[in-house]
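Residues per chain are reported as follows:
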Amino acid sequence: MGRIERIWIKSSRRGPMTEVSSAVLVAGHGLEGNVERRGRRQVTLLDRTAWDRAAATLGAEVDPTARRANLLLDGIDLEDSRDRVLRVGPCRIRIHGETKPCERMDEAQPGLRAALRPRWAAGAYGAVLDDGVIRVGDPVRWDDGPGEAASS
């Protein structure tokens, strides 16, 4: 089982990431107040271990806000998680795919884009299935019950 380590809301494209201690997830829409709340990419998630591994390959400390994800998770491996359901606090998020690193990563740290390419290190994106409030410290786990994707 993992936990939510940090939560960020982006109020405008290319705008600053605002760190919050709690946020509202809205089914079918994503994080309340976040600019990107569409289709299958309603919320973005980043795995702390994968982020630290990528930064270590560069020999640099890079703040995870550079990735511009909404949730930083500790203890959850997002690699190959497409179509799985992740329980985040009281809510569920269906993972739809891997978040590909863009050129903005190299603006934050030269070489970061390439360091984030292997093993879903840039994170994942998904759609919110349940309304609810999530908080830093909330538990996170795979919800692979009946009708859901099998454990990997």
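Just above sits the structure.
Since the structure is predicted, the reported quantities are computational estimates derived from the model, not experimental observations. (Residues numbered from 1 in each chain as written. Predicted model: local features only at pLDDT ≥ 70, side-chain atom pairs only at ≥ 80, totals over all residues. Heavy atoms only, no water.)

(A) Region of interest: the pattern of salt bridges. The final tally for this structure, using the stated rule, is 10 salt bridges. Taking the shortest distance from any N to any O, the salt bridge between Glu79 and Arg119 comes out at 3.2 Å. In this pair, Glu79 sits in the loop between strand S6 (71-74) and strand S7 (85-88) while Arg119 sits in the loop between helix H3 (112-115) and strand S9 (124-128), placing the two residues 40 residues apart along the sequence. One salt bridge connects Lys100 with Glu98, and the closest N-O pair in it is separated by 3.3 Å. For Lys100, a relative accessible area of 57% gives the class exposed. With a relative accessible area of 15%, Glu98 lands in the buried category. Three or more residues are tied together by salt bridges with common partners; here these are Glu5, Arg48 and Asp52. (Salt bridge = Lys/Arg side-chain N within 4 Å of Asp/Glu carboxyl O. Helix = DSSP H or I, 4+ residues; strand = E, 2+ residues; numbered from the N terminus. Buried < 20%, exposed > 50% of the residue type's maximum accessible area, 1.4 Å probe, protein only.)

(B) Molecular detail of the nonpolar core. Of all hydrophobic cores here, the largest spans 23 residues; its most connected members are Leu45, Leu71, Leu73, Leu86, Val88, Ile93 and Ile134. Grouped together as the second largest cluster of nonpolar side chains are 17 residues, Trp8, Leu46, Ala50 and Ala115 included. (Core = buried A, V, L, I, M, F, W, Y, C linked by side-chain atoms within 4.5 Å.)

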